2 protein chains.
Amino acid sequence: MKNKRIKGTVECENCRFFALCAPISICDKDYEPVVDALHRYKKVARGEKVCRQSRSIRSIYTVCKGVFKATVTDPHGDERVVGFYLPGSSIGLESLDSANSSVDVEALGPALVCEMSVARLNELRKQFPMLQINLSRLLMQELRHYQDVVIALLGSRSAEEGLAAFLVYVSTRMRDAGFSADHFDLPITYADIANFLGLTRETITRLMTKMKKQNVVTYRGRKLGIIDRKALTALATPATEDANAEIATV
Amino acid sequence: MKNKRIKGTVECENCRFFALCAPISICDKDYEPVVDALHRYKKVARGEKVCRQSRSIRSIYTVCKGVFKATVTDPHGDERVVGFYLPGSSIGLESLDSANSSVDVEALGPALVCEMSVARLNELRKQFPMLQINLSRLLMQELRHYQDVVIALLGSRSAEEGLAAFLVYVSTRMRDAGFSADHFDLPITYADIANFLGLTRETITRLMTKMKKQNVVTYRGRKLGIIDRKALTALATPATEDANAEIATV
DNA sequence: CGTCGGATTGAAGGCTTTCAAGCAGGGTGG
DNA sequence: CCACCCTGCTTGAAAGCCTTCAATCCGACG
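Predicted model, so just to flag it, every value in this text is computed and none were measured. (Residues numbered from 1 in each chain as written. Chains lettered and ligands numbered in written order. Predicted model: local features only at pLDDT ≥ 70, side-chain atom pairs only at ≥ 80, totals over all residues. Heavy atoms only, no water.)

### Some remarks on the protein's contact with DNA strand D
- Near DNA strand D there are 17 residues, and of these A:Tyr190, B:Ala159, B:Leu199, B:Thr203 and B:Arg206 occur at the shortest range.
- With respect to DNA strand D, the side chain of B:Glu202 contributes an N or O atom lying 3.1 Å from a base nitrogen.
- Residue B:Arg206 places a side-chain N or O atom 3.0 Å away from a base oxygen belonging to DNA strand D.
- For the surface near DNA strand D, the secondary structure elements donating two or more residues are α6 (190-197) and α7 (201-213) of chain A together with α7 (201-213) of chain B.
- Here the element with the most residues in the surface near DNA strand D is α7(A); it accounts for five residues.
- Of the residues contributing to the surface near DNA strand D, the split by class is four nonpolar, seven polar and six charged. (Near = heavy atom within 4 Å. Polar contact = N/O pair within 3.5 Å; in protein donor to acceptor, adjacent residues only side chain to side chain. Helix = DSSP H or I, 4+ residues; strand = E, 2+ residues; numbered from the N terminus. Nonpolar A, V, L, I, M, F, W, Y, C, P; charged D, E, K, R; others polar.)

This is the structure:
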């Protein structure tokens with residue numbers, strides 16, 4: 001594994017694939033074949049799809065740089081955004097057992113990924129127990145991640161709560177990927193955020209404007225800044241208004 | 001593994017743990033130790049919790065009979081329902097890597113589970129490659145299941161869409177567990193459904209009443225019947241002129 | 001038979017959407 | 001350099017959906 005890291009990308013230590021790639025660097029000899037299975041820093045153009053709904057996938061990916069969105073197309077032909085892949089996320093793990101992809105995954109801007117062949121990985125993990133064990137660990141992490149998404153974003157009572165929870169969630173993911181938790185690129189359109197959260201562009205605009213006026217966040221040129229994290233997390237949980245009164249009455 | 005199946009429970013073939021339990025019956029000799037790790041048909045009383053928020057878990061479970069809910073308690077002390085475990089579901093897989101549970105998991109009524117010791121499983125899967133591989137497969141299925149939840153339930157534009165999607169989702173899970181997809185027990189209170197979906201009891205009541213009047217579903221004594229599946233799935237996707245007209249004509 | 005948790009129904013108010021119009025800013029070609 | 005365009009963002013007003021609050025009903029269970 002050559003050290004050819006590119007500026008602005010995720011450190012390998014913060015990458016979800018590290019558990020799969022690590023054996024290579026630790027023990028180059030034994031794991032030489034793994035190198036063949038891995039295509040590092042592959043470029044993906046804006047709008048390009050790395051996997052498609054109802055198709056089997058040939059490779060799984062990890063996002064080094066950029067953001068992807070997962071979408072499904074409903075019977076009416078409308079696109080529904082069902083998830084985002086931020087730097088450090090892995091794509092396609094749920095299809096490793098040769099099932100078809102449930103979603104389209106598309107780059108929202110120029111992106112870099114590390115690509116791993118599903119066929120090669122499936123061969124290799126039979127040969128190398130450590131790879132198999134690390135894959136299991138990766139799957140558990142991914143499972144936990146999905147659970148976190150559901151906990152954070154499903155069942156929000158108001159639009160403001162949903163959006164705040166979304167921003168907190170993105171911030172957490174960016175921190176986990178080794179970036180600043182308070183200032184980062186958010187190359188996602190309001191339309192996509194709204195679609196994902198079940199809201200409208202206009203509502204996102206109004207709420208962001210409100211949050212900016214209240215000095216909770218800044219947002220210019222696709223760059224998000226979290227000014228008042230405490231306030232943002234407060235917005236992300238219900239019954240914030242009553243919190244003070246509640247304490248007073250107790 | 002004695003064949004002591006109990007009426008109304010999930011068939012082993014439809015259980016998520018089958019990939020772990022199967023080796024036992026296939027090859028009793030080699031996998032004898034696994035039997036110790038497994039406690040079949042353990043009773044869980046209504047309100048009893050099989051895992052708790054911020055605590056490590058000792059066992060993972062699969063639901064043979066009954067329904068569980070997963071909840072988190074927010075800073076204000078309010079309970080938020082973040083998921084349901086229907087028959088055939090597995091509980092706790094995301095905490096296998098000795099991480100703490102993110103949620104409380106509580107039985108909504110008298111239930112039966114198969115319990116597997118985490119410590120024993122972690123020992124055994126190092127010894128038995130087949131167990132390790134099957135565990136990976138189980139994790140992938142679980143991952144896909146979480147993805148399905150997000151796709152089905154996150155980002156619904158209206159309350160009706162959300163509830164219809166929820167019912168379709170439950171129906172699908174019941175079918176997968178080997179029960180009827182159109183008539184099944186739904187021992188979940190409106191309050192819990194509402195909490196999960198980010199709605200209110202009253203809204204669930206009104207929507208269910210409406211759906212009953214339109215002969216889409218029946219619901220009495222905690223038993224749900226799906227009368228018009230086509231209409232229900234239509235309600236579960238964003239409203240269009242066609243969909244509305246279709247329902248209106250009933 | 002009374003109690004209690006859960007479900008139902010109505011009225012009023014608020015939040016979000018819908019519809020419509022205008023703005024901003026980056027890229028392109030002249 | 002500027003006009004132009006296109007995408008995405010902003011803002012306002014009206015309509016509609018969902019919540020809130022409050023009262024009542026129902027059924028299970030001791």
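### Some words on the pattern of salt bridges
- Under the counting rule described, the total for this entry stands at 20 salt bridges over all chains.
- Residues A:Lys69 and A:Glu79 are paired through a salt bridge, measuring 3.0 Å at the closest nitrogen-oxygen approach. Here A:Glu79 lies in strand β5 (residues 79-85) and A:Lys69 lies in strand β4 (residues 68-73), a separation of ten residues in the sequence.
- Between B:Lys69 and B:Asp192 there is a salt bridge, with its nearest N and O atoms 3.2 Å apart. Linking B:Lys69 in strand β4 (residues 68-73) with B:Asp192 in helix α6 (residues 190-197), this pair joins segments that are 123 residues apart in sequence. (Salt bridge = Lys/Arg side-chain N within 4 Å of Asp/Glu carboxyl O.)

### Quick notes on the interface of chain B and chain A
- At the junction of the two partners, chain B supplies 49 residues and chain A supplies 50 residues.
- Taken together, the two surfaces of chain B and chain A that pack against each other cover about 4,300 Å², and 61% of this comes from carbon and sulfur.
- Summed over the three residues of chain B that lose the most area to chain A, namely B:Met140, B:Leu143 and B:Leu154, the buried surface amounts to 17% of that side.
- Summed over the shared surface of chain B and chain A, the number is zero salt bridges.
- The tally of links from chain B across to chain A stands at 21 residue pairs in polar contact (both at pLDDT 80 or more).
- Elements supplying a minimum of two residues to the side of chain B that touches chain A: β5 (79-85), α3 (118-127), α4 (129-153) and α6 of chain B.
- With 17 residues, α4(B) is the single largest residue contributor to the side of chain B that touches chain A.
- When grouped by side-chain class, the residues that make up the side of chain B that touches chain A number 23 nonpolar, 15 polar and eleven charged. (Contact = heavy atoms within 4.5 Å. Buried area = accessible area lost by both parts, 1.4 Å probe.)

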